[in-house]
Amino acid sequence: MPFRNEPHTGISDSEPMALAQRRRQRSGVSAILTTAGLVLLTAVLSGNAAPPLPSKVEFNRHIRPIIADNCLLCHGHDKGTRKAGLRLDERDYALKGVNGRAALVPGNAAASEMFKRITSTDPTKAMPALGNKLSAHQIALFEKWINDGAKYELHWSYLPPQKKAPPAKGHPIDVFIRAELEKEKLSPSPEADRRTLIRRLSFDLIGLPATPEEVDAFENDKSPDACEKLVERLLGSEHYGERMAVHWLDLVRYADTVGYHGDQNTHVTPYRDYVIASFNQNVRYDRFTREQLAGDLLPNATIENKIASAYNRLNMVTREGGAQAKEYLAKYAADRVRTTSSVWMGATVGCAECHDHKFDPYTMKDFYSFAAFFADVKEEGVYTPSAFYSRFEPAVLLASDEEKKKLAEFDKEVAAIDKEIAAAGKDKAAVKALKEKRKEADKRRGEFDTTLPACVVTESVAPRTMRILARGNWMDETGEIVQPGVPHFMPQPNTPTLQHSTTPPRLSRLDLANWFVSRENPLTARVFVNRLWKLYFGTGLSKTLDELGTRGEWPRHLDLLDWLAIEFMDSGWDVKHMVRLMVTSATYRQTSKPTDKLKEADPYNRLHARQSRPRLEAEFVRDNALAISGLLVPKVGGVSAKPYQPGDYYKELNFPRRTYTPDKGDSQYRRGLYTHWQRTYLQPSLMAFDAPSREECTAERNVSNTPLQALALLNDPTYVEAARVFAARIIAQGGDGFEARLRWAWRRALSRTPTAKEAAAMKELFEKQLAGFKGNADAARQLMTVGYAPVPEKLDVTELAAWTSVSRTILNLHETIVRY
């Protein structure tokens, strides 16, 4: 690549770099000035700081990302899009080259065709061909790498993690982080104050705000282990499992409806309860994995095991009359590959459905062999249209003792009718009447069944034939038949643990689960701890939570990521141990306030010299408002709840048509986690704050900042009602006078007192609103009608309306919905 504005290098704009270097050598000018030297010289002359070349250029860290971004689309694993027959994804192919011209000549960059092409200015020869020219620094990296031997490496995430000892004594996380900070000549930030710490830990561990009483107790606890005691209390809370479940339900795309076509309701809420209970009970992650992928295959499988296996049934399904069953079975299979590989491997195996993966070694055979693990799942391609609350069998009934008694009565009635039919003999009239009676009994039994709690489950049947579908075409039956298998380039499972009637024995879903949590698997532990890190530090150690492959980000702290992964396995896959390890570190406890130096040196906080400031997730924005107002009902588990939303929101849904009626009573005020999750019409307030539809696996939610969010906090009935109830509490419990009440409200919402500037602004708002409502009492009374919560008697409606305006503002503050 030519360098512009370089009068001292002797390089013309039209001259390839390698030729220019040889010309300099012949003329005796700058004979030792290689591309690396030119990079430095260019930076000096231009006044721009170029990153220094590392002493050792590593393929994974330095070269692979450049090749992935610029070369592999045309010269990668996928033969369907490969140009000129050249492959650069593996060293042997690159050394062989094309037509006798080696792409790489180890030890000699100038003789390497690849280097010639990336430094060429001839538009017919220059590479990359897509117009994304490499920078001078990237070219210098290539030159040094080739001259040093052009050694390839298996991608870092496919190599076993290495547990290097922390470089000093102390908390391992702090030691690793501070070692990197020292290299960058940066210092960690001071510890956050006690009020900030307890709010941070409460939001992070249970998804709820700390009460003023809890804040006071923590601030007054002078014991050296006060923080550790707080962590243990929160980890022991039943709400810890609810907080953890939100992330997991995103991954497994949990929803209350089936997604396709009519998006009818299905029965899956017991699975959500299972997830919450598993995190609360600290079920080890290896067991958690086995139960979900293969709970039905475990010896002496319990009802809980079968409910866990609902994981395999959380994909979208259809009951559309004109749908093709074979097509949808192919869709379901592909969905399971995408989801399962993303959840446990952080991999994009789904990209190999129609062609070999363009960047990673996954082949189409890998994709369909992976899908074959789930070929034994009993399901229908198109489910038979039936009652609205169809169970999408197979499912388990979870009847109470009283309900079981009622079922027994139905069974007894049917048995008696059958006995009468048998006794009627050849009396056709009697038999006909009895059969009609039996039909009516069956109908009543069926109607009663639909009212019973149930959960879809996995049931293993004779596996369907799985073959490679050319270009993903479900109608093409010419592809190779495949058996269950994991990606060919990764460590392989042991002998099948379950013997099937097939010959040879097939690997099962239980084998897949065991493979995921085997120590030989390089991905599972890394993926989990990386996502856990994101929950508590704002960004993963590798920020691409759903992609640890070639297109993912090289971890900013790979040694720490690997140390955590091995620690997770060594602990027996103990999730709470890893959470505890992270949140008791000094790195976690740092203030989130950046200095000017940190803003400039590390604007995205990848070095972790401070804490991050993530916005609360959608469910917790709602939970926080309900908790502040006093409306929150903290019941754990149970059926989904229906919060306020427009009654005609579902008017476009058909098969059947439906309306929406918000729940009354306690169900209206339950945590956002329990919101009825309609895939095609997600609850509007949750959607405004970036909750996913869960049609696909979501490893990381988008975080937007839009006016709709402020409007939702101001006008959504949930938040208006919360503000109204909060206002009534402010008047009743806040003391006498505006200042006292504002201090009470501020402490309840933000765990601190307002500044003088804040108090003045709120007083101005209150007085303006009070005057307005006194002049328009109807508007005040109208505001009181929002929500089901009763308005306390004997309160001045205009004063309550004015305080409602103040509390609406408090709930809309940036500080209210952000974890500091």
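So, a few notes on the structure that sits alongside this text.

Cut-offs and rules
All chains use their own residue numbering, which begins from 1 and follows the written sequence. Selection of residues for local features in this predicted model requires a pLDDT of at least 70, selection of side-chain atom pairs for listing and counting requires 80 or more, and totals for whole chains, interfaces and linings are taken over all residues. Values reported for side chains reflect all heavy atoms of the structure, with hydrogen atoms and water molecules removed beforehand. A run of H or I in DSSP becomes a helix once it reaches four residues, and a run of E becomes a strand once it reaches two; helices and strands are each numbered from the N terminus. Contacts between residues were defined by any pair of non-hydrogen atoms, one from each residue, lying within 4.5 Å. Methods summary: accessible areas were calculated by the Shrake-Rupley approach with a probe of 1.4 Å, and residue burial reflects only the protein chains presented. What counts as a salt bridge is simple: a side-chain nitrogen of Lys or Arg found within 4 Å of a carboxyl oxygen of Asp or Glu. Only protein chains enter the accessibility calculation, which uses a 1.4 Å probe; a residue is then buried when its area is under 20% of its type maximum, exposed when over 50%, and partly exposed in between. Here an axis means a line fitted to C-alpha atoms, over the contact stretch when the element is a helix, while the angle between two N-to-C directions is reported on a 0 to 180 degree scale. Here a crossing is taken to be left-handed if its near helix is turned anticlockwise relative to the far helix by less than a right angle, and right-handed if that turn runs clockwise. We call Asp, Glu, Lys and Arg charged. Ala, Val, Leu, Ile, Met, Phe, Trp, Tyr, Cys and Pro are nonpolar, and the rest, Gly among them, are polar. Residue types Ala, Val, Leu, Ile, Met, Phe, Trp, Tyr and Cys, when buried and joined through side-chain atoms within 4.5 Å, form a set referred to as a nonpolar core. As annotated, the domain borders come from an automatic or database domain assignment. Our angle categories are set so that under 35 degrees counts as roughly parallel, over 145 as roughly antiparallel, 65 to 115 as roughly perpendicular, and the remainder as oblique. In a helix, the anticipated span is given by 1.5 Å times the number of residues less one. Pairing of aromatic rings covers Phe, Tyr and Trp, the last through its six-membered ring, and needs centres within 6.5 Å; plane angles under 30 degrees mean stacked, over 60 mean edge-to-face, and all others mean tilted. Lysine NZ or arginine CZ positioned within 6 Å of the ring centre and within 35 degrees of the ring normal marks a charge as sitting over the ring.

## Observations concerning the overall build of the protein
At step 1: Broken down by element type, the protein carries 33 helices and 4 strands.
At step 2: Principal-axis analysis of the C-alpha atoms gives the protein an extent of 110 × 85 × 50 Å.
At step 3: A separation of at least 24 residues holds for 71% of the contacts in the protein among residues at least 6 apart in sequence.
At step 4: For the protein, the accessible surface area stands at approximately 36,200 Å², while carbon and sulfur atoms represent 53% of it.

## Focus on the pattern of salt bridges
Side-chain pairs of opposite charge can arise whenever the charged atoms involved come near each other.
At step 1: By the definition in use, this model includes 54 salt bridges.
At step 2: One salt bridge in this structure joins E758 and R752, with 2.9 Å as the shortest N-O distance.
At step 3: Among the residues examined, E758 registers a relative accessible area of 23% and is labelled partly exposed.
At step 4: By sharing partners, the salt bridges in this structure join K163, R519, E567 and D570 into a single network.

## Some words on the packing of helix α11 (residues 226-235) against helix α23 (residues 575-583)
At step 1: At a minimum axis distance of 11 Å, the contact between α11 and α23 shows a crossing angle of 145°. Here the hand of the crossing between α11 and α23 comes out right-handed. Only K576, V579, R580 and V583 of α23 make contact with α11, whose side of the interface consists of V231, E232 and L235.
At step 2: Considering only residue class, the contact of α11 with α23 consists of 4 nonpolar, no polar and 3 charged.

## Let's talk about the nonpolar core
At step 1: In this structure, L205, W248, Y271, M345, Y536, L564 and V579 are the most contacted members of the largest nonpolar core, which totals 185 residues.
At step 2: At 10 residues, helix α29 (residues 717-733) tops the list of elements feeding residues into this core.
At step 3: Here this core spans two domains, and each of domain 3 (286-383 + 460-516) and domain 5 (616-688 + 705-820) adds at least three residues to it.
At step 4: Sequence-distant contacts of V579, that is, excluding residues within four places in its chain, are made with L205, L235, Y240, M244, L532 and Y536.

## Brief notes about the packing of helix α31 (residues 756-775) against helix α33 (residues 797-811)
At step 1: Direction vectors running N to C along α31 and α33 enclose 140°, while the axes themselves pass 8 Å from each other. One finds that α31 runs oblique with respect to α33. For the pair α31 and α33, the sense of crossing is right-handed. Within the contact between the two elements, α31 uses M762, L765, F766, Q769, L770, F773 and K774 and α33 uses T798, E799, A801, A802, W803, S805, V806 and T809.
At step 2: Grouping the amino acids of the contact of α31 with α33 by side-chain chemistry returns 9 nonpolar, 4 polar and 2 charged.

## Details of unusual backbone geometry
At step 1: Residue P128 is bonded to the preceding M127 through a cis peptide linkage, with omega at 0°.
At step 2: Note that P128 resides in the loop between α6 (113-118) and α7 (136-147).
At step 3: Across the junction of E393 and P394, the peptide omega takes the value 5°, indicating a cis bond.
At step 4: Examined against the element boundaries, P394 turns out to sit in the loop between α17 (364-371) and β1 (395-397).
At step 5: With a phi angle near 50°, D263 is a residue other than glycine that sits in the positive phi range.
At step 6: When you line up the elements, D263 lands in the loop between α12 (238-251) and α13 (269-280).
At step 7: Exposure remark for D263: the relative accessible area of 0% places this residue in the buried category.
At step 8: For S751, which is not glycine, the phi torsion reads 65° and is therefore positive.
At step 9: In this structure, S751 sits in the loop between α30 (738-750) and α31.
At step 10: When its relative accessible area of 6% is taken as the criterion, S751 is described as buried.

## Re the environment of D225
At step 1: By the secondary structure assignment, D225 is in the loop between α10 (212-220) and α11.
At step 2: Between the C-alpha atom of D225 and that of A150, which follows or precedes it by 75 residues, the distance is 52 Å.

## Describing α30
At step 1: Taking 1.5 Å per residue, 13 residues should reach 18 Å; α30 reaches 18 Å between its end C-alpha atoms and fits that length.
At step 2: Burial analysis of α30 places 10 of its 13 residues in the buried class, the great majority of the element.
At step 3: Those residues of α30 that fall on the buried side of the exposure criterion are F738, A740, R741, L742, W744, A745, W746, R748, A749 and L750.
At step 4: The elements touched by buried residues of α30 are α9 (194-206), α10, α26 (618-629), α29, α31 and α33.

## Regarding the packing of aromatic side chains
At step 1: Across all of its chains, the model carries 43 aromatic pairs by this definition.
At step 2: Here F367 and Y368 contribute two aromatic rings whose centre-to-centre distance is 4.8 Å and whose plane-to-plane angle is 70°, an arrangement assigned as edge-to-face.
At step 3: Where Y650 meets Y660, the ring centres are 5.4 Å apart and the plane angle is 90°; that geometry is what we call edge-to-face. Taken as a pair, Y650 in the loop between α26 and α27 (684-688) and Y660 in the loop between α26 and α27 lie far apart in primary sequence, 10 residues in all.
At step 4: The lysine or arginine in question, R551, covers the ring of F359, its NZ or CZ lying 4.7 Å from the ring centre.
At step 5: If you follow R694 out to its NZ or CZ, it ends over the ring of W677, 3.8 Å from the centre.

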